[in-house]
Amino acid sequence: MGNDSRPTEPEQRRGGERLASWADSRTGLRAPLRSARRLVFPDHWSFLLGEIALYSLVILLITGVYLSLYFHPSADLVVYDGRYAPLRGQLVSRAFDSTLHLSFDVRGGLLVRQAHHWAALVFVAAVFAHLMRVFFTGAFRKPRELNWVLGFLLLVLAMFAGLTGYDLPDDLLSGTGLQVVNGTLLSVPIVGTYLSFFLFGGEFPGEDLIARFNTLHTLVIPALLVLLLAGHVALAVRHRHTQYPGPGRTEKNVVGLPFAVHAVKSAGYFCLVSGVIFIMAAVAQINPVWDYGPFRPDQVSAGSQPDWYMGVADGLLRVMPGWEIDLWGHTLALDNFLPLLAGMLLFLAMGAYPFLEAWVTDDDRDHHLLDRPRNRPVRTALGVAWLSVYAVALIGAANDVIATRLHVSVNSVTWTVRVGLFVAPVLAFVLTKRLALALQRRDRDKVLHGRETGVIKRLPHGEYVEVHEPLDQAQLHTLTAHQQYRPLEAGPEPGPAGSVPARTRRLRVALSRAFYGPGTQIPKPSPTEHKELTGRHRP
């Protein structure tokens, strides 16, 4: 009989124990509950990005309830007889008619509607900025990987919430976007037609789309957002807040404001965020559906642009060559399917990054102190490269507008974006990594030699030197308090040559060396150098 490769019962038990231990360390279910009075919140401006997302979501929920009282999610045709004279007498859907009624006839309706749209843009932007802050500072490391996943899902759900709400008024601009969505769904092999028929209730545009999008936008997605946000906050409380390195801050404490003080400041900050959003809604017009007119399948709105967070998908679609292949009598529309696949991989890479970094670096320790981005050059370079892809694709979403405004060929803009999608990430990675290493060397010089004062002094033998001022203890601590990492050592391979564990080990060692580099971290000053700089012996 051949060898049985199935795991034995003790191996299964050990695997289950490891899984239970991993889940317990990430969820903190067994940790004792702490009183709210003992919660401490670090006082740093970057932590307010998450609060902006929370407050804008509250505004979205409140204004959304108000708008739902007047909106009719129906595609039935009616004759418009409202105050907007240019469209009076035209056949429009009840959804479009109720949107115009809300904008022109309901007192304060236009203000609330625009506040809802601006709050949606602010919410997605705040979640995105918050995730980038977490990424570049390493706040996603153990035990906060699950919190990162919840934040990532919040971003994805926020984008879909914006997409479904954007299409509810049934105007020509949103209808143009829906035609793009329909074409992308149809390009999915095998199941594309079924997905399109399920979403639209038949052939595009269908009769059930507005009602289905309204259910998703007002019930399903908000409920999921609230659940994810509650889980995100609960895990943050369980694991306590991360903090930037500084005097008195360690992996075992949190230095900041008590809960009562933070609650008062948060209340004021909520009022500030609300005021800014409503001021934007009062002075900056957004989504004037009456200018676009009602949706008609035989018309396309010229110069149509999606909201910024969906620009990456639209940009990838616009610059993709018109590739199609025939297989067994079926046509595969690669010009629509490949951008969809590339966009999904782009976001999945962001969602899975914490687990990839932990696997590469073999780091299984708890981390509560944040990193300075310059001290993790590879991670920072990867993040900037990811952002460069997003930015170039966003430029591609405006290729027609750029060509019109700058009086250049739209083909030239398209080819520039195509080249940029491959060149920009490489350049961004190399330049960001070199910049981070240069900043590390500058910090090293500050630690070892002090700060340049600009004062030139002549020595007795005639040499001119610049006087350096030693850094204070707080600055020295900030520059030298980070942990020193080094690449994994090759070591003995855990198995015969050529086996999967051996190949995996070699891959991890190679990736670890590429990730950390050859000793790029800022060294702590030696005891002698520390005494020369501070006049004290280093303990």
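Since the structure is predicted, the reported quantities are computational estimates derived from the model, not experimental observations. Throughout this description, residue numbers start from 1 for each chain and increase along the sequence as written. The model is predicted, so local features are restricted to residues of pLDDT at least 70 and side-chain atom pairs to those at 80 or more, both for listing and for counting; the totals for chains, interfaces and linings are taken over all residues. Side-chain numbers here rest on the full set of heavy atoms in the structure, without hydrogens or water.

1. Details of unusual backbone geometry
Part 1: For the bond running from lysine 142 to proline 143, omega is 10 degrees, close enough to zero to count as cis.
Part 2: Put simply, DSSP H or I for four residues or longer makes a helix, DSSP E for two residues or longer makes a strand, and each gets a number counted from the N terminus. By secondary structure assignment, the location of proline 143 is in the loop between helix H4 (109-137) and helix H5 (145-167).
Part 3: Phi is positive for isoleucine 190, which is not a glycine, with a value near 70 degrees.
Part 4: Relative to the elements of secondary structure, isoleucine 190 occurs in the loop between helix H6 (172-186) and helix H7 (192-200).

2. Considering the environment of leucine 173
Part 1: Relative to the assigned elements, leucine 173 resides in helix H6.
Part 2: Between buried and exposed lies partly exposed: a residue is buried under 20% and exposed over 50% of the maximum accessible area for its type, with that area taken using a 1.4 Å probe on protein chains only. Overall, the relative accessible area of 8% leaves leucine 173 in the buried class.

3. Re the packing of helix H11 (residues 311-319) against helix H12 (residues 334-361)
Part 1: Axes here refer to lines fitted to C-alpha atoms; in helices the fit is confined to the stretch in contact. Angles between the N-to-C directions go from 0 to 180 degrees. At a minimum axis distance of 9 Å, the contact between H11 and H12 shows a crossing angle of 145 degrees. The handedness of the crossing between H11 and H12 comes out as right-handed. Listed contacts from H12 to Val312, Leu316 and Leu317 of H11 are Asp335, Asn336, Pro339, Ala342, Gly343, Leu346 and Phe347.
Part 2: Each residue is assigned to one class: nonpolar for Ala, Val, Leu, Ile, Met, Phe, Trp, Tyr, Cys and Pro, charged for Asp, Glu, Lys and Arg, and polar for all the others, Gly among them. Residue composition of the contact of H11 with H12, by class: 7 nonpolar, 2 polar and 1 charged. Crossing handedness: left-handed means the near helix sits turned counterclockwise from the far one by under a right angle, and right-handed means the same turn made clockwise. The contact criterion used is simple: two residues touch if any of their non-hydrogen atoms lie within 4.5 Å.

4. As for the pairing of strand E5 (residues 324-327)
Part 1: Pairing between two strands requires that DSSP report at least two bridges joining them. Sheet topology places E5 next to strand E6 (residues 330-333); 4 bridges connect them, and they run antiparallel. Within the sheet, the bridge partner assigned to aspartate 326 lies in E6 and is threonine 331.
Part 2: Here E5 folds back onto E6, and the loop between the two strands holds 2 residues, one of which, tryptophan 328, carries a positive phi near 50 degrees.

5. A look at helix H8 (residues 209-239)
Part 1: For H8, spanning 31 residues, the distance from its first C-alpha to its last is 42 Å, which sits close to the expected 45 Å at 1.5 Å a residue.
Part 2: By definition, a residue's bend is the angle between the axes fitted to the seven residues ending there and the seven starting there. Along H8, the largest kink reaches about 35 degrees and is centred on leucine 216.
Part 3: Just past H8, the residue arginine 240 takes up positive phi, approximately 60 degrees. Expected helix span is taken as 1.5 Å per residue step, with the number of steps being one fewer than the number of residues.

6. Side note on the confidence of the model for the chain
Part 1: pLDDT is defined as a per-residue confidence score from the predictor, taking values between 0 and 100. Model confidence for the chain is summarised by a mean pLDDT of 84, while 84% of its residues fall at 70 or above.
Part 2: A low-confidence stretch, residues 519-523 stays under pLDDT 50, and its non-local contacts, those more than four residues away or across chains, total 18 contacts.
Part 3: Confidence drops under a pLDDT of 50 for residues 532-539, and excluding neighbours within four residues, the segment shows 17 contacts in the predicted structure.

7. A closer look at the pattern of salt bridges
Side chains carrying opposite charge are able to pair once their charged atoms draw close together.
Part 1: The term salt bridge refers to a side-chain nitrogen of Lys or Arg lying within 4 Å of a carboxyl oxygen of Asp or Glu. Enumeration according to the criterion identifies 15 salt bridges in this entry.
Part 2: For lysine 142, the salt bridge goes to aspartate 366, with nearest N and O atoms at 3.8 Å. Here the residue lysine 142 occupies a position in the loop between H4 and H5, and aspartate 366 occupies one in the loop between H12 and helix H13 (377-396), the gap between them amounting to 224 residues.
Part 3: The class of lysine 142 is buried, set by a relative accessible area of 14%.
Part 4: Judged by relative accessible area, which is 41%, aspartate 366 ranks as partly exposed.
Part 5: A salt bridge links arginine 379 to aspartate 371; its shortest N-O distance comes to 3.2 Å.

8. Quick look at the packing of aromatic side chains
Part 1: Ring pairs are drawn from Phe, Tyr and Trp, using the six-membered ring of Trp, whenever the two centres fall within 6.5 Å, and their geometry is named by plane angle: stacked under 30 degrees, edge-to-face over 60, tilted for the rest. If you walk through the whole model with that rule in mind, you get 20 aromatic pairs.
Part 2: Judged by centre distance (6.0 Å) and plane angle (70 degrees), the rings of tyrosine 55 and tyrosine 269 are edge-to-face. With tyrosine 55 in helix H2 (residues 48-68) and tyrosine 269 in helix H9 (residues 259-283), this residue pair connects regions lying 214 residues apart in the sequence.
Part 3: Of the residues examined, tyrosine 55 reaches a relative accessible area of 8% and is grouped as buried.
Part 4: Between tyrosine 55 and phenylalanine 270, the ring centres sit 5.5 Å apart and the planes meet at 75 degrees, which makes this aromatic pair edge-to-face. Of this pair, tyrosine 55 sits in helix H2 while phenylalanine 270 sits in helix H9, and the two are 215 residues apart along the sequence.
Part 5: Chaining the aromatic ring pairs together yields one cluster made of Phe128, Trp308, Tyr309, Phe347, Trp386 and Tyr390.
Part 6: The cationic tip of arginine 212 hangs over the ring face of phenylalanine 198; the distance from NZ or CZ to the ring centre is 5.6 Å.
Part 7: Cation placement over rings: the criterion is NZ of Lys or CZ of Arg within 6 Å of the ring centroid and within 35° of the ring normal. In this structure, arginine 418 packs its charged tip against the face of tryptophan 415, placed 4.6 Å from the ring centre.

9. Quick word on the environment of alanine 120
Part 1: Within the fold, alanine 120 resides in helix H4.
Part 2: Along the backbone, alanine 120 and alanine 158 are 38 residues apart, and their C-alpha atoms lie at a distance of 8.0 Å.

10. Side note on a nonpolar patch on the surface
Part 1: Taken together, the side chains of Trp323, Leu338, Leu341, Met344, Leu345 and Leu348 make up a nonpolar region of the molecular surface, amounting to roughly 570 Å² of accessible area.
Part 2: Note that tryptophan 323 resides in the loop between H11 and E5. Only residues whose relative accessible area exceeds 30% and that take part in no salt bridge are eligible for patches, with like-charged residues grouped when within 9 Å of each other and nonpolar side chains (Val, Leu, Ile, Met, Phe, Trp, Tyr) grouped when within 5 Å. Only the protein chains shown count as cover for residues, and all accessible areas are computed by the Shrake-Rupley method using a 1.4 Å probe.

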